[in-house]
Amino acid sequence: MSVGVLALQGDFREHAEVLRSLGADVELVRRPEELARISGLVIPGGESSVMDKLARAFGLAGPLSAAVRGGLPVYGTCAGLIMLADTVIDGIAGQQSIGGFDISVRRNAFGSQTLSFETDLDVPVLGDTPVHAVFIRAPVVQTVGPRAHALATLADGRCVAVEQGNLLGTSFHPEITGEHRFHEYFLGKVAAAGFHG
Ligand code: GLN
């Protein structure tokens, strides 16, 4: 099973390491033709406005959008979640997203870098042990449309993990805390979807 990690910008190496540790073959994706070889895709954290510009400059934005809409399993963390959202609130001028996820996401919802924080989250779909979650200039899922559903919320009720069919998204970064359950859960989706790259 070959799983792609979008490697235009951001912490793609950390995701690749987690996926390899779980037994997946990892393909770093920078070109449209590489999308044909993968069974699922992770879009890492980083800076969504830069990732968006690079995706468009490299001719990847259209093929990525087609892949998401064609049912390819995709997991986005933080900036990656912003890239998947149908609506981006507080984007920079002209910022676009790949879309596909029936959600609106507010960028930098917790303020500047110094407002990054860590907390433990209940994520029922991953079992009883809470997830230790690191938020870095993170977005929140402001609205969850009828095709999507929340997987985790903060104590104040704001949604920070979400799912819709083959799509999975977190506002935080499991790839940097040794938390592998989201990636395992995602690989389950990849196996079930049966795309053969
Ligand atoms: N604030 C970043 C953005 O808008 C996301 C930060 C992150 O991925 N850790 O893309």
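It should be emphasised that the depicted structure is a prediction, and the values quoted were computed from it without experimental measurement.

The rules behind these values
- Residues numbered from 1 in each chain as written.
- Predicted model: local features only at pLDDT ≥ 70, side-chain atom pairs only at ≥ 80, totals over all residues.
- Heavy atoms only, no water.
- Buried < 20%, exposed > 50% of the residue type's maximum accessible area, 1.4 Å probe, protein only.
- Helix = DSSP H or I, 4+ residues; strand = E, 2+ residues; numbered from the N terminus.
- Arc of directions from axis to C-beta.
- Contact = heavy atoms within 4.5 Å.
- Phe/Tyr/Trp six-rings, centres within 6.5 Å; stacked < 30°, edge-to-face > 60°.
- Near = heavy atom within 4 Å.
- Polar contact = N/O pair within 3.5 Å; in protein donor to acceptor, adjacent residues only side chain to side chain.
- Areas by Shrake-Rupley, 256 points an atom, 1.4 Å probe, with all protein chains shown as cover.
- Nonpolar A, V, L, I, M, F, W, Y, C, P; charged D, E, K, R; others polar.

Draft legend 1. Looking closely at helix α2 (residues 48-57). Every buried residue belonging to α2 is among Ser-48, Ser-49, Met-51, Asp-52 and Ala-55, and all of these are buried. Along α2, the residues classed as buried sweep out an arc of 160 degrees about the axis, all on the same side. Exposed and oriented more than 90 degrees from the buried face of α2 are Lys-53 and Ala-57. In the core, the buried residues of α2 are packed alongside β1 (2-6), β3 (40-43), α3 (61-69) and α4 (79-84). Directly beyond the C-terminal end of α2, a positive phi value near 70 degrees is found at Gly-59.

Draft legend 2. The packing of aromatic side chains, seen in detail. Within the structure shown, the criterion is met by seven aromatic pairs. With a centroid separation of 5.9 Å and 45 degrees between ring planes, the pair formed by Tyr-75 and Phe-186 is classed as tilted. Here Phe-186 lies in helix α5 (residues 181-193) and Tyr-75 lies in strand β4 (residues 74-77), a separation of 111 residues in the sequence. Ring centres 5.0 Å apart and planes at 70 degrees place the aromatic pair Phe-110 and Phe-117 in the edge-to-face group.

Draft legend 3. Here's a closer look at the site of the ligand. Taken together, Gly-45, Gly-46, Glu-47, Ser-48, Cys-78, Ala-79, Ile-82, Arg-107, Asn-108, Ile-136, Arg-137 and His-173 make up all the residues around the ligand. Within the side chain of Arg-107, one N or O atom sits 2.7 Å away from an oxygen atom of the ligand. Asn-108 places a side-chain nitrogen or oxygen 2.6 Å from a nitrogen atom of the ligand. Coverage of the ligand by the protein chains reaches 97% of its 300 Å² of free accessible surface. Looking at the shell around the ligand, its residues break down into four nonpolar, five polar and three charged.

Draft legend 4. Looking closely at unusual backbone geometry. If you check the backbone angles, Asn-108 has positive phi at about 50 degrees while not being a glycine. Phi at Arg-137 is positive, roughly 40 degrees, even though this residue is not glycine. Along the chain, Arg-137 turns up in the loop between β8 (131-135) and β9 (140-144).

Draft legend 5. Summary view of α3. Inspection of α3 places Leu-64, Ser-65, Ala-67 and Val-68 among the buried residues, and these make up the whole buried set. The buried residues of α3 all sit within an arc of 160 degrees when viewed along its axis, so they share a single face. Buried residues along α3 sit in contact with β1, β3, β4, α4 and β12 (167-170). At the exit of α3 stands Gly-71, carrying a positive phi of roughly 100 degrees.

Draft legend 6. Representation of the environment of Gln-95. Among the secondary structure elements, Gln-95 is positioned in the loop between β5 (85-89) and β6 (101-106). According to the relative accessible area criterion, Gln-95 is buried, its value standing at 15%. In this structure, the C-alpha to C-alpha distance between Gln-95 and Gln-142, residues 47 residues apart in sequence, is 18 Å. Ignoring sequence-local partners within four residues, the contact set of Gln-95 consists of Ser-48, Ser-49, Asp-52, Ile-82, Val-88 and Arg-107.

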